[in-house]
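Residue-level structural notes
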Amino acid sequence: MKKRLFSGIQPSGDVHIGNYLGAIKNWVRLIDQYECIFCIVDYHAVTIEYNPKDMQKRILNAAAVNIASGLDPNRCIVFVQSYVPEHTELAWILNTITPMGHLERMTQFKDKSKQNAENINAGLFTYPILQAADILIYKSEAVPVGEDQVQHIELAREIVRKFNTRYGETFPEPKEILSEASRIMGLDGKAKMSKSLGNYISLVETPESIGKKLSTAVTDENRKRRTDAGNPDVCNLFTLHKHFSKNEQIETINAVCRTAEIGCVECKKILSNNIIETLTPIRLKYEHLVNDQDYLLNILHTGAKRCKEIVRDTMSEVKKKMGLI
Ligand code: AQP
């Protein structure tokens, strides 16, 4: 029997190349190796300010873009978190064994609290417990995520140990799977590429927009003039070359940037062409899917139906072990 794998994405904005390189590409790679469950985590996304009018569209867009990127719904489960209320039920139970001090250490909570100073709500604080419930309710052993989520997976393992010690062996300890690009920086070069920071290239960005965004993206900040030698090791865009450009282009750019034989404008043009080449098939498939709302809803409901069968068993085992009726 295949081991189970779980991962999720928030419908909190445009899915971007950081999400793709850090997580989605790995999801697609692992689809046949594990029994895969992919979730659009809408209850996580409502912990920050949003416009309710946008949410349904965001959820469907997230489904369409993930399927367009290679999450074949015939080979994995794709569903929406709030369709399966047992996630929040288990989260409540896990709340009762998670020490406050552990949550206070979470760097994502600290970062998001700064970004949402006017609405530091309890959901933002207990977010990692719901995430642990998302993973554990399927007894998942593998969780492919970007580096920013590793601390949350460590907490999920601690929660497993606490639950198993107190109530008896129930959950396996989940392990994160990191890609080679587990932390893609934003185009501003200052912070992680994020939906909420607007420092991204979306997976369905048009070719014109990709070129435009790259033209203003930060490179090696010490390279002030075209004639200055550049340093690819500190250039954020060289990291993107490593993931989108061909091997010989990467080798050449690595050499000619250091000798100032190529300028940033030309280098960005090459990168732009390569990103456009990779993203165009995803965008075209997305544009086709996103207009077929019935198809998307059918996939999400079918996925949730399969999930409900799994979570029913987990919840009855959990309640029994806890002495609940
Ligand atoms: N910059 C990144 N580099 C590599 N991986 C990343 N991930 C996110 N940003 C990067 C990974 O993508 C998966 C889905 O992320 P998420 O939707 O759960 O939320 P997030 O990590 O908070 O992503 P964002 O884009 O920064 O969204 P907002 O701005 O809404 O918070 C995860 O596996 C994540 O690690």
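Residues numbered from 1 in each chain as written. Predicted model: local features only at pLDDT ≥ 70, side-chain atom pairs only at ≥ 80, totals over all residues. Heavy atoms only, no water.

Right, let's get into the packing of aromatic side chains. Within a pair of aromatic rings, the relevant descriptors are the distance that separates the centres and the angle that separates the planes. Using the criterion set out here, one finds 6 aromatic pairs in the structure. Ring geometry for F6 and Y138: centres 5.7 Å apart, planes at 10°, overall stacked. Of the two residues, F6 is situated in strand 1 (residues 4-9) and Y138 in the loop between helix 7 (122-136) and strand 4 (142-144); the sequence distance between them amounts to 132 residues. With relative accessibility at 0%, the residue Y138 sits in the buried group. Note on F163 and Y167: the rings are 4.9 Å apart at their centroids and 50° apart in plane angle, and the pair reads as tilted. Of this pair, F163 and Y167 both sit in helix 8 (residues 150-167), 4 residues apart, which is roughly one turn of that helix. Given a relative accessible area of 0%, F163 falls into the buried group. Take Y167: its relative accessible area is 21%, and that puts it in the partly exposed class. An aromatic cluster of at least three residues, connected via ring pairs, comprises F6, F79 and Y138. (Phe/Tyr/Trp six-rings, centres within 6.5 Å; stacked < 30°, edge-to-face > 60°. Helix = DSSP H or I, 4+ residues; strand = E, 2+ residues; numbered from the N terminus. Buried < 20%, exposed > 50% of the residue type's maximum accessible area, 1.4 Å probe, protein only.)

Turning next to a nonpolar patch on the surface. On the surface, a cluster of nonpolar side chains totalling about 240 Å² of accessible area is made up of Y43, V46 and Y50. Relative to the helices and strands, V46 resides in the loop between helix 2 (42-45) and helix 3 (52-68). (Patch = residues over 30% accessible without salt bridge, like charges linked within 9 Å, V, L, I, M, F, W, Y side chains within 5 Å. Areas by Shrake-Rupley, 256 points an atom, 1.4 Å probe, with all protein chains shown as cover. Salt bridge = Lys/Arg side-chain N within 4 Å of Asp/Glu carboxyl O.)

We now examine the pairing of strand 1. A large share of strand 1 lies buried, amounting to 5 of its 6 residues. In terms of strand pairing, strand 1 meets strand 2 (residues 35-40) through 6 bridges, oriented parallel. The partner of I9 across the bridge, within strand 2, is I40. Taking the sense of rotation as the criterion, the β-α-β connection linking strand 1, helix 1 (residues 17-30) and strand 2 turns out right-handed. (Pairing = 2+ DSSP bridges. Right-handed = clockwise from strand over helix to strand, strands pointing away.)

Time to look at the domain arrangement of the protein. According to the domain assignment, the protein consists of domain 1 (4-184 + 293-322) and domain 2 (207-286). Taking the mean C-alpha position of each, domain 1 and domain 2 sit 33 Å from one another. Tallying the contact residues gives 12 residues for domain 1 and 8 residues for domain 2. Where domain 1 abuts domain 2, roughly 930 Å² becomes buried across the two surfaces, and 78% of that area is made up of carbon and sulfur atoms. In this assembly, domain 1 and domain 2 are joined by 0 salt bridges. (Domains from an automatic or database assignment. Contact = heavy atoms within 4.5 Å. Buried area = accessible area lost by both parts, 1.4 Å probe.)

What follows covers the UniProt feature "binding site: L-tryptophan" (unreviewed entry) in the protein. Those places that UniProt annotates as "binding site: L-tryptophan" (unreviewed entry) correspond, in this numbering, to D134. Given the relative accessible area of 1%, D134 is considered buried. Not counting residues within four places of it along the chain, the set of residues in contact with D134 comprises F6, V41, H44, Q81 and H87. In terms of polar contacts, D134 uses its side chain to reach the side chain of Q81, at 3.0 Å. (UniProt positions renumbered as here; feature names shortened; annotations may be inferred. Polar contact = N/O pair within 3.5 Å; in protein donor to acceptor, adjacent residues only side chain to side chain.)

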